[in-house]
Amino acid sequence: MCTRTGELVRRAGLSGVVAFADLVSVRDETQMADAGEAFEFAAEHGLRVVSVQQIREL
């Protein structure tokens, strides 16, 4: 894990596994998913979503 990623993980209060990903929209496969789709995907798969803004506020 690179140092920057490790710092983000630590600040978010998470364990040592993290993934940064872009999600493809289910409505238009040529676009990235919007926040609503990302949160829906996370809920369906038991994942946690942390925004850059939330990390900055730690």
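For the structure itself, consult the block above.
Cut-offs and rules
- Residues numbered from 1 in each chain as written.
- Predicted model: local features only at pLDDT ≥ 70, side-chain atom pairs only at ≥ 80, totals over all residues.
- Heavy atoms only, no water.
- Polar contact = N/O pair within 3.5 Å; in protein donor to acceptor, adjacent residues only side chain to side chain.
- Helix = DSSP H or I, 4+ residues; strand = E, 2+ residues; numbered from the N terminus.
- Salt bridge = Lys/Arg side-chain N within 4 Å of Asp/Glu carboxyl O.
- Buried < 20%, exposed > 50% of the residue type's maximum accessible area, 1.4 Å probe, protein only.
- 1 Å grid on protein atoms, 1.4 Å probe; cavity = no way out; pocket = protein on both sides within 12 Å on 5 of 7 lines; lining within 4 Å.
- Points joined across faces, edges and corners; volume = space filled by probe spheres on them.
- Nonpolar A, V, L, I, M, F, W, Y, C, P; charged D, E, K, R; others polar.

1. Topic: helix α2 (residues 35-45)
Then, number 1: Two or three places before glycine 36, at the opening of α2, aspartate 34 has a side-chain oxygen 3.2 Å from that residue's backbone nitrogen.
Then, number 2: Phi turns positive one or two residues past the end of α2, at glycine 46, with a value near 65°.

2. Describing the side chain of serine 25
Then, number 1: You can see serine 25 is positioned in the loop between α1 (3-11) and α2.
Then, number 2: Within polar-contact distance, the side chain of serine 25 engages the backbone nitrogen of aspartate 28 at 3.3 Å.

3. A short note on the pattern of salt bridges
Then, number 1: Tallying each qualifying case throughout the model produces two salt bridges.
Then, number 2: The partner of arginine 27 in a salt bridge is aspartate 34, and the shortest N-O contact between them spans 2.6 Å.
Then, number 3: According to the relative accessible area criterion, arginine 27 is exposed, its value standing at 63%.
Then, number 4: Judged by relative accessible area, aspartate 34 falls into the partly exposed class, the value being 36%.
Then, number 5: In this structure, arginine 27 engages glutamate 37 in a salt bridge whose closest nitrogen and oxygen atoms are separated by 3.6 Å. Residue arginine 27 is located in the loop between α1 and α2, and its partner glutamate 37 is located in helix α2; the two are separated by 10 residues in the primary sequence.
Then, number 6: With a relative accessible area of 12%, glutamate 37 lands in the buried category.

4. A word on the layout of surface pockets
Then, number 1: When its volume is computed, the second largest pocket comes out at roughly 170 Å³.
Then, number 2: Grouping the amino acids of the lining of the second largest pocket by side-chain chemistry returns five nonpolar, no polar and four charged.

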